[in-house]
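Observations on chain architecture
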Amino acid sequence: MELTFNLPGLETIEQRTVPLDSKTLYDVLIVGGGPAALTAAVYCMRKGVKTGLITLDVGGQVAETSTVENYMGYRHIEGISLVQRFKEQVEQFEIGFLQGYRATRVIDGNIKKVECEDGNLYQAKSIIITTGKRWRRLNVPGEAELTGKGVAYCAICDAPLFKDKDVIVVGGGNSAIEAAIDLAKLATSVTVVQLLPSLTADKVLIDELSKFTNVTILYEHEIKAIHGTSAVEAVTVHDIKNKKENTLSVQGIFIEIGLVPNTELVKNVVALNEYGEIIIDCSCRTSRPGIFAAGDVTSVPYKQIIIAAGEGAKAALSACDYVLTNK
Amino acid sequence: MALFDDKVKSQLSQLLSKIKNPIIINFFTQEIECPTCQTTHEFVQEIAGLNDKITLNVYDFLKNQDIAKEFGIDKIPAIIITDTHKNIKGLRFFGIPAGYEINSFITACLEVSGMAEPLPEAMISRIKKISKPIHIQVFVTLTCPYCPGAVATAHRLAIENPLITADMIESTTFTPLAVKHNVSSVPKVVINDIYEFVGAQPINVFLDMIEKI
């Protein structure tokens, strides 16, 4: 048995965060827990403004990333280790911190309010939205019912459970091809279903995938339905060019077709673009004064950890400016 | 060959140096017909060698049936982390906690030693109110970065209430059990074989389900 131990490599730092308080009027309230949120938190605390943070989980997509090789300062670091370091950098401050609950609604006004799943309403002079993105779903029959029963979104997590089984991977980008490679090592067969006439993944990944003999790629095909009662049994695939439908017998389907922004909480509050992302200007200002946004949830091009972190810093400085000039 | 290289060993020592009160690693194994027992045995031995406050008790699953029964152990390899008085007995690992699960293992060691992060009062009182035996099984794979979070949440509940038993189950070691519970995405949480959910959910989601039982 080949074993690894994926440790975050912690430093011993005194944790100084305090519980978020619904009676306090914060200068800046950050909603989210990824790199943009945590960077914004550090910048706000260093500026000395009263800061709070609400997040369901810490790390966002980085926590689900196996290794990161393009965050400066680390040639190679595990996603969870990077998150741990971000978190430790925040925890040295007496920031109002609430983890484990989703913020459900942002209410605009002179004093802004954030409605939270814990039943409280939190108040602040300014808000930074850094709620990131989540996996995009196919929205086909059977998908919701069979999620966790053969419909999967995390290949590194779930690939070991599909040893000696037949699986489909939907998508043609980097995450889809990485998933297909992970699965090809274990599964009996892997069928990649791609809407476009070619794959969009990096060449190194496509080359690696082509080494496997148990992988089939269906170009210009789309998923029509996922079938099964208590587990996935088959998937209907539509051949767009030849206008034919085909049902494949599989036990698993990994959906790797990108991400959608978590903007439900600011719907009808700030302006969104055609992709549902929050439109920001170069100072991370949204269409509403005092509401800022940063990271993958925004219209900023290129979703990268280092970009999200930089945007978080910028949003924090903009929010601090806003608080100081609107006393 | 040692399981931990020097770098991992020094990181583990540093993490385990925060252990407050002595703890016991109770390990159930057997010499034959258990392909992963030997590696898991080496794992607990190397862990116990890293800190003076850790005692390792090794039990043979067949020869020490009475003790296995006391802990409610029905499969091996099994690790139960307890305090020296065995007041806390509900933090269990079935299969080797390697890969990402090393994190839930370290967390369990620290929490049993008295280093658990305090929970809000209201939540503690909800957990203390649970009056029926609760068995939480958290199915994981060792390559799942967010599984340790689900295991740690289940274990945190077991720290606060002795009626709660929380198991990490390495899905590929216990395939028939994983198949029985239809595990095809992890973390998958099964509570008293009645309620289940997939994903690392916050503690209140666990409690909402437990309170329905």
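What you are looking at is a predicted structure, and each value in this text was computed from that prediction instead of being measured.

This next bit is on the domain arrangement of chain A. Assigned domains of chain A: these are domain 1 (18-134 + 259-325) and domain 2 (151-255). Averaged C-alpha coordinates put domain 1 of chain A and domain 2 of chain A at centres separated by 34 Å.

Attention shifts here to the pattern of salt bridges. All names here are of chain B. Here the structure, examined in full by the defined rule, presents 26 salt bridges over all chains. Where Glu111 meets Arg156, a salt bridge forms, and the shortest distance between an N and an O atom there is 4.0 Å. Separated by 45 residues along the polypeptide, Glu111 in helix 4 (residues 102-115) and Arg156 in helix 6 (residues 147-160) bring together distant segments of the chain. Glu111 gets classed as buried once you look at its relative accessible area, which sits at 11%. On the accessibility criterion, Arg156 (7% relative accessible area) is buried.

Our next topic: the pairing of strand 14 (residues 215-219) of chain A. Residues and elements named next belong to chain A. Of the pairings in the sheet, the one linking strand 13 (residues 189-194) to strand 14 comprises 5 bridges and is parallel in character. When the sheet's bridge partners are listed, Thr191 is paired in strand 14 with Thr216. On the question of chirality, the crossover connecting strand 13 to the parallel strand 14 by way of helix 5 (residues 203-209) is right-handed.

Empty space within the second largest pocket amounts to approximately 1200 Å³. Together, 40 residues line the second largest pocket, and A:Ala159, A:Pro160, A:Leu186, B:Thr143 and B:Thr172 are the ones closest to its centre. Of all the secondary structure elements, the ones that give two or more residues to the lining of the second largest pocket are helix 3 (155-158) of chain A together with helix 7 (175-180) of chain B. Looking at the lining of the second largest pocket, the element that brings in the most residues is helix 7 of chain B, giving 3 residues. Domain assignment of the residues forming the lining of the second largest pocket places at least three in each of domain 1 (18-134 + 259-325) and domain 2 (151-255) of chain A.

Another point: the state of the cysteines. Summed over all chains, the structure comprises 3 disulfides over all chains. Residue pairing for A:Cys154: its cysteine sulfur links by disulfide to A:Cys157, the two sulfurs lying 2.3 Å apart. In this structure, the disulfide formed by A:Cys154 and A:Cys157 twists by about 60° around the S-S bond and is classed as right-handed. Considered together, A:Cys154 and A:Cys157 belong to a single accessibility category, that of buried residues. Covalently, B:Cys34 is tied to B:Cys37 through a disulfide, its sulfur atoms 1.9 Å apart. Negative torsions about the S-S bond denote left-handed disulfides, and the value of about 75° found for B:Cys34 with B:Cys37 makes this one right-handed. With relative accessibility at 12%, the residue B:Cys34 sits in the buried group. By relative accessible area, which is 1% here, B:Cys37 ends up buried.

Thresholds, definitions, all that
The numbers attached to residues start from 1 for each chain and follow its sequence in the written order. Chain letters and ligand numbers both follow the written order, the letters beginning at A and the numbers at 1. Where local features are concerned, this predicted model is filtered to residues with pLDDT of at least 70; where side-chain atom pairs are given and counted, the filter is 80 or more; whole-chain, interface and lining totals use all residues. Hydrogens and waters are ignored; side-chain quantities use all the structure's heavy atoms. Each domain span listed reflects an automatic or database assignment of domains. By salt bridge we mean one thing: a side-chain nitrogen of Lys or Arg within 4 Å of a carboxyl oxygen of Asp or Glu. In this text, helices come from DSSP runs of H or I with a minimum length of four residues, and strands from runs of E with a minimum of two, each type numbered from the N-terminal end. Each residue is placed in one exposure class: buried if its accessible area under a 1.4 Å probe, protein chains only, is under 20% of its type's maximum, exposed if it is over 50%, and partly exposed if it falls in between. Paired strands are those between which DSSP finds at least two bridges. The handedness rule is simple: strands pointing away from the viewer, and a clockwise path from the first strand over the helix to the second, make the crossover right-handed. Two kinds of site are reported from a 1 Å grid over the protein atoms alone, namely cavities, where a 1.4 Å probe fits but cannot get out, and pockets, open sets with protein on both sides within 12 Å along at least five of seven lines, and residues are called lining when an atom falls within 4 Å of a point. Grid points are joined across faces, edges and corners, and a volume is the space filled by probe spheres set on the points. Cysteine sulfur atoms that come within 2.5 Å of each other are treated as a disulfide pair.

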